Structures are given as structure tokens and as C-alpha cells.
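# Examining the three-dimensional arrangement
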Amino acid sequence: MRILMFLIALGLTGYTLVQAWRSWRGGNAAAGLGIALLSGCFLPLAIYLMLRD
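To keep things clear, this report deals only with the structure shown in the data block. The structure displayed is predicted, hence computed values, not measured ones.

### Notes on the packing of helix α1 (residues 2–25) against helix α2 (residues 29–39)
Between α1 and α2, the least distance of the axes is 7 Å, while the angle of their chain directions is 170°. Between α1 and α2, the angle is such that the two are roughly antiparallel. Residue-level contacts link Thr13, Thr16, Leu17, Ala20, Ser23 and Trp24 of α1 to Ala29, Ala31, Gly32, Leu33, Ile35, Ala36 and Ser39 of α2.

Structure below.
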């Protein structure tokens, strides 16, 4: 179960970074930066939840 949670978080991080890159390249640098910063939340949260159990 822990590895599944980590893989889901990794996938969400990758997907969110792709969306940030698309926003950045689309001319909205502020949105791209904001989305990129938010993408950094998935992995630490997953690691915290894995270590908590």
C-alpha cells in the first residue's frame, strides 16, 4: 500500500509539472510558477503519510 501511495504521488507530481510547463510556455508564467510550486507538495505529503503508519 505504501509503494502504491508513493507511485500515485509521483504520477501526480509529474502530471502537475507538465501542466505547469504548458502554462509557462503558453505565456502565463505566473500560473506556471504557481502550479510548479504546488506540485512540490505531493511527494512530501506521501512520504509523511507513509512514515506515519
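From this point on, the discussion continues.
### A look at the side chain of threonine 16
Mapped onto the secondary structure, threonine 16 falls in helix α1. By relative accessible area, threonine 16 is classed as buried at 15%.

### Considering a nonpolar patch on the surface
A cluster of nonpolar side chains, namely Met1, Ile3, Leu4, Leu7, Ile8, Leu10, Leu12 and Phe42, defines an oily patch on the protein surface of about 800 Å² accessible area. A relative accessible area of 77% means that methionine 1 is categorised as exposed.

Quick notes on the rules
Within each chain, residues carry numbers counting from 1 in the order of the written sequence. Only residues with pLDDT of at least 70 get local features here, since the model is predicted, and only at 80 or more are side-chain atom pairs given and counted; chain-wide, interface and lining totals rely on the full set of residues. Side-chain measures here rest on the full set of heavy atoms in the structure, leaving out hydrogens and waters. Inter-axis angles, ranging from 0 to 180 degrees, are taken between N-to-C directions of lines fitted to C-alpha atoms, where helices are fitted over the stretch in contact. Only runs of H or I of at least four residues qualify as helices and only runs of E of at least two qualify as strands under DSSP, and these elements are numbered from the N terminus. Any angle between 65 and 115 degrees counts as roughly perpendicular, while under 35 counts as roughly parallel, over 145 as roughly antiparallel, and the rest as oblique. Two residues form a contact once any of their heavy atoms are found within 4.5 Å. Classification of residues uses two cut-offs on accessible area relative to the type maximum, computed with a 1.4 Å probe and protein chains only: under 20% is buried, over 50% is exposed, and between them is partly exposed. Residues forming no salt bridge and having over 30% relative accessible area are the ones grouped into patches, like charges within 9 Å of each other and nonpolar side chains (Val, Leu, Ile, Met, Phe, Trp, Tyr) within 5 Å. Only the protein chains shown count as cover for residues, and the accessible areas themselves come from Shrake-Rupley with a 1.4 Å probe. Definition used for salt bridges: Asp or Glu carboxyl oxygen within 4 Å of a side-chain nitrogen of Lys or Arg.

None of this, on its own, says anything about what the molecule does.
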